[in-house]
Amino acid sequence: MKKVIMLSSLVCFVFALVPSGTFAGVDSNGAADLLWMWQGSSYTKVDRLEWNSGTSNFDYKETPLQNWYSYTTQDIANTDLDGNGKNDLFRMRWTSDHTKVERFEWNSSSSTYDYVGEVLDWYTYNHKGIDLADIDGNGKQDLLRLTLNNSRYQVYRWEWNNSTDSFDFVNGPAAGGSWLDWGGDQRRIALGDIDGDGNMDLLRLEYTSSRYKVYRWEWDGSGFAFVAGPLANDYWFDWGGDIRDIALGDIDNDGNEDLLRLEYNNGRYKADRWEWDPQAGDFAFVTDDLVNRSVGMVIDIADPVPEPATIALLGFGIVGFIARKK
């Protein structure tokens, strides 16, 4: 008599989101860029510096914006606003009684930014800075503005609307519809996911008693919640000197957020670097002389970010077989 043993085959299919690649913030070559704004005798320019993984530093590439013939530009910020794969640069500038935000889009053929138009116009001029990010993860870019209003520093929010090609104001939970409301002397804000938990973080640069201190807030789904720092009085940083700006981004694409500080010292503008250490839950100092130039004003990082993921069908299985045994 023959005895037959049959084993059924098992096949499993798994749907997974797989990143389709990465692109850098400006020219899509996979390297982070540092946008460096500075003022000359009668103009304001923006230089592009590109990360060099071989030297662990930034190399000068070009000056894609050099026709701002005034001192009215206060800040710059960048993102891919409409998801078309092209980096957008925004500048905030003041006029006699208005503050405007203008948009420029990267042109890979000419390695310059093309003017697109005004996206915001405010009837005041006491604004300190802007930054952009998708704060709540809904796929729409948000613009935050730091404003001095009646001796208070407040952060306001706008969200990009692709249908109308404009920013919609988003009313906040704090005073006057702002998202945050502070006293003191606040200089800059910066946005980035510092610890990689998927929640956007906001850093605030404050000047007090001849010191520059950095505080942190994290998005909790409905607003920004304060995150205590490791130093006295819950600071994340406490610096002397003359600090002009801060910026967040993963400049070496290792998955850890970097903080750059623009410092003016003895006629030179230097970009100092800290990197997030996930084991310590804090920033670790890297170098105090990443970039050293004779000109400077404000900086912004255009770092590599994931492109939209594609759905992949993954299959694996155990091939069945039939064994015959006499």
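Structure's up top.
Trainee: Can you lay out the overall build of the chain for me, pointing to particular residues and giving the numbers?
Mentor: Looking only at helices and strands, the chain features zero helices and 28 strands. Looking at the 326 residues of the chain, the share that counts as buried comes to 47%. Taking all contacts inside the chain whose residues are at least 6 apart in sequence as the whole, residues at least 24 apart take part in 46%. A total accessible area of about 15600 Å² is found for the chain, and carbon and sulfur atoms account for 48% of it.

Trainee: Can you tell me about the packing of aromatic side chains, naming the residues and giving the values?
Mentor: Tallied over the entire structure, the rule returns 26 aromatic pairs. Between the aromatic rings of Tyr 215 and Phe 226, the centroid separation amounts to 6.4 Å while the plane-to-plane angle is 45 degrees, which identifies the pairing as tilted. One end of the pair, Tyr 215, is in strand 18 (residues 211–219); the other, Phe 226, is in strand 19 (residues 224–227), and 11 residues separate them in sequence. Looking at Phe 226, the relative accessible area reads 41%, which means it is partly exposed.

Trainee: Account for the sheet that holds strand 9 (residues 99–107), with residues named and values stated.
Mentor: Spatial strand order, 7-8-9-10: four strands in an open sheet with antiparallel pairing. Each edge of the open sheet is held by one strand with a lone partner, namely strand 7 (73–79) and strand 10 (112–122). Strand-to-strand twist in this sheet, taken as the mean axis angle between neighbours without regard to direction, amounts to 20 degrees. Relative to strand 9, strand 8 (residues 88–94) runs antiparallel, the two being bridged by seven bridges. Across the sheet, residue Met 92 finds its bridge partner in strand 9, namely Val 101.

Trainee: Give me the lowdown on the environment of Asp 300, citing residues and values where you can.
Mentor: Within the fold, Asp 300 resides in strand 25 (residues 298–302). We classify Asp 300 as buried; its relative accessible area is 7%. Along the sequence, Asp 300 and Met 37 sit 263 residues apart, while their C-alpha atoms lie 8.6 Å from each other. With sequence-adjacent residues up to four places away left out, Asp 300 is seen in contact with Asp 33, Leu 34, Leu 35, Ile 76, Ala 77, Asn 78, Asp 131 and Ala 247.

Trainee: Run through the sheet that holds strand 23 (residues 268–277), naming residues and quoting values.
Mentor: If you walk across this open sheet you meet the four strands as 21-22-23-24, and the pairing is antiparallel. If you trace the sheet from one side to the other, it starts and ends with strand 21 (243–249) and strand 24 (282–293), each paired once. Pairwise comparison of adjacent strand axes, ignoring direction, gives a mean angle of 20 degrees for this sheet. Across six bridges, strand 21 lies against strand 22 (residues 258–265) in antiparallel orientation. The partner of Ala 247 across the bridge, within strand 22, is Leu 260.

Trainee: Tell me about the side chain of Glu 105, and please be specific about residues and values.
Mentor: Summarising the element assignment, Glu 105 is placed in strand 9. Excluding its chain neighbours within four sequence positions, the residues that come into contact with Glu 105 are Asp 82, Asn 84, Lys 86, Asn 87, Asp 88, Thr 112, Tyr 113, Asp 114 and Val 116.

Trainee: Requested: an account of the pattern of salt bridges, with residues and values cited.
Mentor: Inspection of every chain in the model, using the stated rule, returns 32 salt bridges. Of the charged contacts in the structure, one is a salt bridge between Asp 82 and Arg 103, with a shortest N-O distance of 3.0 Å. Pair noted here: Asp 82 is in the loop between strand 7 and strand 8 and Arg 103 is in strand 9, with a separation of 21 residues, a long-range link. On the accessibility criterion, Arg 103 (5% relative accessible area) is buried. The shortest N-O distance in the salt bridge between Arg 261 and Asp 272 comes to 2.6 Å. You can see Arg 261 sitting in strand 22 and its partner Asp 272 sitting in strand 23, a full 11 residues away along the chain. There is no split in this pair, since Arg 261 and Asp 272 are both buried. Overlapping salt bridges, with partners in common, bring together Asp 27, Asp 33, Arg 48, Glu 50, Lys 61 and Glu 62 in one network.

Trainee: Kindly report on the layout of surface pockets, identifying the contributing residues and their values.
Mentor: In this structure, the second largest pocket occupies an estimated 250 Å³ of space. As for the second largest pocket, its lining consists of Gln 74, His 127, Lys 128, Tyr 153, Asp 185, Gln 186, Arg 187, Arg 188, Leu 205, Ile 243, Arg 244 and Met 297. Counting residues per element, the ones that place at least two in the lining of the second largest pocket are strand 11 (127–133), strand 16 (186–192) and strand 21. With three residues, strand 16 is the largest single contributor of residues to the lining of the second largest pocket. Here the lining of the second largest pocket is built from residues that sort into four nonpolar, three polar and five charged.

Reading the values: the criteria
- Residues numbered from 1 in each chain as written.
- Predicted model: local features only at pLDDT ≥ 70, side-chain atom pairs only at ≥ 80, totals over all residues.
- Heavy atoms only, no water.
- Helix = DSSP H or I, 4+ residues; strand = E, 2+ residues; numbered from the N terminus.
- Buried < 20%, exposed > 50% of the residue type's maximum accessible area, 1.4 Å probe, protein only.
- Contact = heavy atoms within 4.5 Å.
- Areas by Shrake-Rupley, 256 points an atom, 1.4 Å probe, with all protein chains shown as cover.
- Phe/Tyr/Trp six-rings, centres within 6.5 Å; stacked < 30°, edge-to-face > 60°.
- Pairing = 2+ DSSP bridges.
- Axes fitted to C-alpha atoms, helices over the stretch in contact; angles between N-to-C directions.
- Salt bridge = Lys/Arg side-chain N within 4 Å of Asp/Glu carboxyl O.
- 1 Å grid on protein atoms, 1.4 Å probe; cavity = no way out; pocket = protein on both sides within 12 Å on 5 of 7 lines; lining within 4 Å.
- Points joined across faces, edges and corners; volume = space filled by probe spheres on them.
- Nonpolar A, V, L, I, M, F, W, Y, C, P; charged D, E, K, R; others polar.

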